[in-house]
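Structure at a glance
Here is how the chains run, residue by residue.
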Amino acid sequence: MKNISCLLLLIPVLFGSCEKVIDLKYTDNEVKFVIEGTLTNEPGSCTVLLSKTRNFKDSSPFSGLSGGMVKIENNGTTYTLPETSPGVYKLSTLTGVPGQTYHLTVAVEGQTFSASSTMPLPVPFDDFYLKPKDFDSLRTITYVKYKDPANQANFYWFELFVNDKRQRNFSLMNDQFTPGQEVNTPVIFENKTDDLSRNFKKGDKLALEMHSIDASVYLYLFSLSAAEGSDNGAAPANPLSNLTGGALGFFSAQTTQKRTLVIP
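This text gives an overview of the structure that appears in the document.

The rules we used
Residues numbered from 1 in each chain as written. Predicted model: local features only at pLDDT ≥ 70, side-chain atom pairs only at ≥ 80, totals over all residues. Heavy atoms only, no water. Pairing = 2+ DSSP bridges. Helix = DSSP H or I, 4+ residues; strand = E, 2+ residues; numbered from the N terminus. Axes fitted to C-alpha atoms, helices over the stretch in contact; angles between N-to-C directions. Core = buried A, V, L, I, M, F, W, Y, C linked by side-chain atoms within 4.5 Å. Buried < 20%, exposed > 50% of the residue type's maximum accessible area, 1.4 Å probe, protein only. Contact = heavy atoms within 4.5 Å. Salt bridge = Lys/Arg side-chain N within 4 Å of Asp/Glu carboxyl O.

1. Quick look at the sheet that holds strand 11 (residues 111-118)
- As summarised here, the arrangement of the 4 strands in space is 7-6-10-11, forming an open sheet in which the pairing is antiparallel. Lying at the two open borders of the sheet, with one neighbouring strand each, are strand 7 (77-81) and strand 11. Neighbour to neighbour, the strand axes of the sheet diverge by 20° on average, direction disregarded.
- In terms of strand pairing, strand 6 (residues 69-74) meets strand 10 (residues 101-108) through 5 bridges, oriented antiparallel. What sits directly across from Ile-72, in strand 10, is Leu-104.

Quick look at the structure:
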């Protein structure tokens with residue numbers, strides 16, 4: 001496979017203040033547009049990021065892509081998202097409504113990309129707790145509890161925070177084997193780096209954001225995790241985006257809740 005090149009997909013804001021770099025393989029040197037958008041049922045959450053992939057050898061810092069036209073349509077009303085900083089498009093007045101479908105359109109550099117996402121109904125995040133025996137400085141096991149609604153497919157995305165800092169890893173769940181049941185399942189916080197300052201200690205604040213997402217976003221995040229975690233030497237498949245037009249990334253209309261605990 002002589003023509004395989006390596007590009008970097010940078011996901012900087014929706015996954016936290018630090019950049020999350022994903023090593024993806026392509027069959028040519030074509031630069032791809034990257035679109036990452038979220039709309040939640042909380043005020044001020046509507047954000048779309050616009051950027052491009054860059055070559056692995058390019059050491060220049062990440063910069064968003066300016067000059068795009070970003071719109072979200074719902075029930076015949078179209079909202080235009082102003083660019084608040086390079087590559088960041090936000091509209092604080094648009095709050096998502098569970099059960100509604102939202103359509104994203106992005107026009108940039110003569111190309112147009114689109115995606116649709118239906119915001120699921122919220123599922124109460126009943127509990128987030130830690131058993132003392134499951135605390136360890138490198139690997140701490142927490143537990144989440146919620147009641148999965150019956151008679152519908154449900155998909156969940158848990159983002160992890162340590163002392164208010166979003167972590168690189170995340171947890172995905174679905175109700176393939178638990179429809180309509182009370183779910184009580186572990187979520188693992190882990191320090192896989194050599195940085196001892198990231199080890200867990202008593203008094204640390206752990207937090208989870210629980211998002212109810214639609215099936216297309218779940219598939220994207222699942223394939224994203226698989227691509228990043230591939231260590232068998234083969235080129236991983238690109239994440240399966242719900243965007244049309246050839247861009248990488250995703251658009252998610254999702255409900256969100258957050259719970260925190262302190263390591264005793």
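2. Digging into the pairing of strand 7
- Here 5 bridges tie strand 6 to strand 7, and the two strands are oriented antiparallel to one another. Each residue of the ladder has a partner; that of Val-70, found in strand 7, is Leu-81.
- The hairpin formed by strand 6 and strand 7 contains 2 residues between the paired strands, and Asn-75 there has a positive phi angle of roughly 50°.

3. A short note on the sheet that holds strand 18 (residues 248-262)
- Reading across from one edge, 8-9-4-3-18-17-14-15 is the order of the 8 strands in this open sheet, with mixed pairing throughout. Each edge of the sheet is formed by a strand with only one pairing partner; in this case those strands are strand 8 (83-85) and strand 15 (165-174). Across the sheet, the mean angle separating the axes of adjacent strands is 30° when strand polarity is ignored.
- Bridge count for strand 14 (residues 155-162) against strand 15 is 7 bridges, and the pairing is antiparallel. If you follow Tyr-156 over to strand 15, its bridge partner there is Met-173.

4. Comments concerning unusual backbone geometry
- Unlike most non-glycine residues, Asn-75 shows phi in positive territory, near 50°.
- Although it is not a glycine, Asn-151 adopts a positive phi angle of roughly 65°.
- Looking at the element boundaries, Asn-151 is found in the loop between strand 13 (139-147) and strand 14.

5. What to know about the nonpolar core
- Counting 24 residues, the largest nonpolar core has Ile-35, Ile-72, Leu-81 and Leu-104 as its most contacted members.
- Elements with a minimum of two residues in this core: strand 3 (33-40), strand 4 (46-52), strand 6, strand 9 (88-91), strand 10, strand 11 and strand 18.
- Non-local contacts of Leu-81, meaning those with residues more than four positions away in its chain, are made with Cys-46, Val-48, Val-70, Ile-72, Tyr-89, Lys-90 and Leu-91.
- Grouped together as the second largest cluster of nonpolar side chains are 20 residues, Phe-125, Val-144, Phe-200 and Leu-261 included.

6. Considering the pairing of strand 10
- Alternating residues of strand 10 divide into Tyr-102, Leu-104, Val-106 and Val-108, all buried, and Thr-101, His-103, Thr-105 and Ala-107, none buried.
- Pairing of strand 10 with strand 11 involves 8 bridges; the strand directions are antiparallel. Note on strand 11: the bridge partner recorded for Thr-105 is Ser-114.
- The turn joining strand 10 and strand 11, which pair antiparallel and follow one another in sequence, is formed by 2 residues; a positive phi near 50° is taken by Glu-109.

7. Examining the environment of Thr-255
- For Thr-255, the location among the structural elements is in strand 18.
- C-alpha of Thr-255 to C-alpha of Val-123: the two residues are 132 residues apart in sequence and 8.4 Å apart in space.
- Leave out the neighbours within four places in its chain, and Thr-255 touches Asn-41, Pro-98, Met-119, Pro-120, Leu-121, Pro-122, Met-210, His-211 and Ser-212.

8. Some points on the pattern of salt bridges
- Per the counting criterion, the structure on display carries 8 salt bridges.
- Between Lys-52 and Glu-109 there is a salt bridge, and its shortest N-O distance comes to 2.9 Å. Here Lys-52, found in strand 4, pairs with Glu-109, found in the loop between strand 10 and strand 11; they are 57 residues apart in sequence, far enough to count as distant.
- Using a relative accessible area of 31% as the deciding quantity, one classes Lys-52 as partly exposed.
- Among the salt bridges present, the one from Glu-182 reaches Lys-145, with a minimum N-O distance of 4.0 Å. With a gap of 37 residues between them, Glu-182 in strand 16 (residues 182-190) and Lys-145 in strand 13 connect regions that are remote in the sequence.
- We classify Glu-182 as exposed; its relative accessible area is 51%.
- Classification of Lys-145 as partly exposed rests on a relative accessible area of 26%.

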